[in-house]
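# Per-entry structural report
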Amino acid sequence: MKILVINCGSSSLKYQLFNMENEEVMVKGLVERIGIEGSRLVQKNNGDEFVIEQAMENHTQAVSHVFDALIDSENGVIDSLEEIDAVGHRFVHGGEKMTKSALITDEVKDAINEAAKFAPLHNPANLMGLKACEELLPNVPNVAVFDTAFHQTMPAKTYLYGIEYKYYEEDAIRKYGFHGTSHNYITNRAADLLEKSVEDTNIISAHLGNGSSITAVKNGKSFDTTMGLTPLEGLVMGTRSGDLDPAVVTYIEEKDGVSADEMNNILNKKSGVLGVSGVSSDFRDLEDAAKNGNERAQVALDMFTTRTKRYIAGYMAELENVDAIVFTGGIGENSIEMREDILKGFEQFGIKIDPEANNIRGGEHVISTADSKVKVMVIATNEELMIARDTQDLVK
Ligand code: ADP
């Protein structure tokens with residue numbers, strides 16, 4: 001079975017074609033600047049790059065070029081589009097209705113549209129990719145995989161906010177959590193490596209990248225997570241503020257006459273380690289700047305590690321019994337220094353890091369010592385493979 005995985009943003013589209021016989025990625029690519037001058041598709045296949053530079057006014061045109069690239073006689077990997085058995089689409093918000101991945105039906109589309117009020121930039125963009133596939137490949141089934149679905153197992157005590165209950169009942173305002181596809185993949189992979197069944201596995205999954213979230217997984221299910229109604233809550237991120245006193249928002253809005261839209265933009269795009277440091281949202285730039293004596297870059301990194309520690313420690317208490325702490329995402333997989341800083345202070349709980357094992361980037365490995373009370377691991381995440389697997393299961 002061959003499955004195309006599509007992750008559509010407002011002006012970009014990432015794709016991977018999987019051969020599910022061996023779960024191999026046959027080809028992957030990225031379309032950028034959809035609807036903007038300079039549209040461009042770059043397809044990568046074993047180090048070879050195939051580029052299409054042509055105006056792409058909308059997602060349907062972009063998807064049509066993706067199909068051209070897939071079947072291109074020189075650079076393609078399949079002879080005809082009929083070889084594609086199904087398409088898996090990433091959706092950011094599934095609200096309370098979408099508790100797992102689903103074959104696309106009118107009901108599923110209604111749920112996606114309903115949840116769009118909480119993901120106004122993402123869900124409509126995700127839907128454009130779906131619409132394009134429905135138009136261009138009318139006989140191929142489409143599956144929706146949601147970032148929020150994995151977290152629908154959280155109990156009320158972790159998903160409710162401390163505000164009047166009517167806001168939950170009437171408006172569905174609650175914590176939803178994101179990065180669910182990644183946390184789900186990490187949970188399954190960790191269970192494999194621990195040689196335990198998923199149902200018996202308790203982990204703390206730290207997905208640290210441009211966007212970062214940590215999930216407490218109890219018996220293989222999400223029990224608590226740092227992101228909330230939207231992906232703004234929790235850790236200090238590249239450009240997102242994470243947790244803050246809500247009074248900060250109302251104060252700035254009143255003082256500077258800032259609208260809700262502008263405030264959203266400030267908190268999502270101008271805050272986080274970028275806002276604090278004034279240097280960059282990229283952790284490599286921050287590490288370099290801090291090494292060169294930039295104090296605000298150092299403070300921003302310290303804020304990131306401090307809050308990460310706080311959540312990991314809190315989740316250890318919530319879970320009572322933890323099999324492993326797992327690092328993933330661009331920072332979690334690659335930053336040796338960040339992992340070391342985050343885990344400082346956990347020695348008192350018997351968690352010990354092996355500096356040599358930690359001195360490796362990427363891949364899949366244990367970085368704790370043999371006598372550490374809790375295993376600490378690095379696992380490279382693979383959201384696309386998870387989407388392809390769910391899609392295969394649903395269309396089989
Ligand atoms: P996204 O959330 O967009 O998927 P990633 O998971 O790719 O992002 O993470 C990007 C972040 O990972 C960037 O801040 C980048 O600086 C950081 N990163 C990648 N490699 C390294 C590294 N070797 N050392 C430190 N940080 C790294």
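The model shown is predicted, which means the values in this text are computed figures rather than measured ones.

## Regarding the site of the ligand
Within the structure, the ligand sits among 14 residues, and Asn210, Asp282, Phe283, Arg284 and Gly330 are positioned closest to it. The backbone of Gly211 places a nitrogen or oxygen atom 3.4 Å from an oxygen atom of the ligand. Within the complex, 72% of the 570 Å² of free accessible area of the ligand lies under protein. Mapped onto the shell around the ligand, the elements with two or more residues apiece are helix H10 (283–291) and helix H12 (329–334). It is H12 that contributes the most residues to the shell around the ligand, 4 residues altogether. For the shell around the ligand, the per-class residue count stands at 2 nonpolar, 8 polar and 4 charged.

## Digging into the domain arrangement of the chain
Each assigned domain of the chain is listed here: domain 1 (2–146) and domain 2 (196–383). Just the C-alpha atoms count here: the centres of domain 1 and domain 2 sit 29 Å apart.

## What about unusual backbone geometry?
Phi is positive for Asn46, close to 50°, though the residue is something other than glycine. Along the chain, the position of Asn46 falls in the loop between strand S4 (40–45) and strand S5 (48–52). By relative accessible area, which is 79% here, Asn46 ends up exposed. Positive phi values are uncommon outside glycine, yet Glu195 reaches one of about 55°. With respect to the element layout, Glu195 can be found in the loop between helix H6 (180–194) and strand S9 (203–208).

## Section: the environment of Leu160
Mapped onto the elements of the fold, Leu160 is located in the loop between helix H4 (156–159) and helix H5 (166–171). Of the residues examined, Leu160 reaches a relative accessible area of 30% and is grouped as partly exposed. Between the C-alpha atom of Leu160 and that of Asn334, which follows or precedes it by 174 residues, the distance is 34 Å. In contact with Leu160, not counting residues within four places along its chain, are Tyr165 and Tyr168.

## A word on the side chain of Ser372
With respect to the helices and strands, the residue Ser372 is situated in the loop between strand S13 (364–366) and strand S14 (375–379). Among the residues examined, Ser372 registers a relative accessible area of 12% and is labelled buried. A distance of 3.1 Å separates the side chain of Ser372 from the backbone nitrogen of Lys352, its partner in a polar contact. When neighbours within four sequence positions are excluded, Ser372 is seen to be in contact with Gly350, Ile351 and Lys352.

## Focus: the pattern of salt bridges
Scanning the entire structure with this criterion turns up 18 salt bridges. The partner of Arg40 in a salt bridge is Glu53, and the shortest N-O contact between them spans 2.8 Å. Taken together, the residues span a long stretch of sequence, with Arg40 in strand S4 and Glu53 in the loop between S5 and helix H1 (59–71) at a distance of 13 residues. Lys44 serves as the salt-bridge partner of Glu49, at 3.9 Å between the closest nitrogen and oxygen. For Glu49, a relative accessible area of 48% puts it in the partly exposed group. According to the relative accessible area criterion, Lys44 is partly exposed, its value standing at 45%.

## Re the packing of aromatic side chains
Under the defined criterion, the tally for this structure stands at 7 aromatic pairs. Ring geometry for Tyr159 versus Tyr168: centroids 5.7 Å apart, planes at 45°, classification tilted. Ring centres of Tyr311 and Tyr315 lie 5.8 Å apart, and the angle between their planes is 50°; this geometry places the pair in the tilted category. With Tyr311 and Tyr315 both in helix H11 (residues 295–319) and 4 residues apart, this pair spans about one turn of that helix. Using a relative accessible area of 19% as the deciding quantity, one classes Tyr311 as buried. Put simply, the rings of Tyr159, Tyr165 and Tyr168 pair up and form one aromatic cluster. Its end group placed over the ring of Tyr159, Arg174 keeps NZ or CZ at 3.7 Å from the ring centre.

About the criteria used
- Residues numbered from 1 in each chain as written.
- Predicted model: local features only at pLDDT ≥ 70, side-chain atom pairs only at ≥ 80, totals over all residues.
- Heavy atoms only, no water.
- Near = heavy atom within 4 Å.
- Polar contact = N/O pair within 3.5 Å; in protein donor to acceptor, adjacent residues only side chain to side chain.
- Areas by Shrake-Rupley, 256 points an atom, 1.4 Å probe, with all protein chains shown as cover.
- Helix = DSSP H or I, 4+ residues; strand = E, 2+ residues; numbered from the N terminus.
- Nonpolar A, V, L, I, M, F, W, Y, C, P; charged D, E, K, R; others polar.
- Domains from an automatic or database assignment.
- Buried < 20%, exposed > 50% of the residue type's maximum accessible area, 1.4 Å probe, protein only.
- Contact = heavy atoms within 4.5 Å.
- Salt bridge = Lys/Arg side-chain N within 4 Å of Asp/Glu carboxyl O.
- Phe/Tyr/Trp six-rings, centres within 6.5 Å; stacked < 30°, edge-to-face > 60°.
- Lys NZ or Arg CZ within 6 Å of the ring centre and 35° of its normal.

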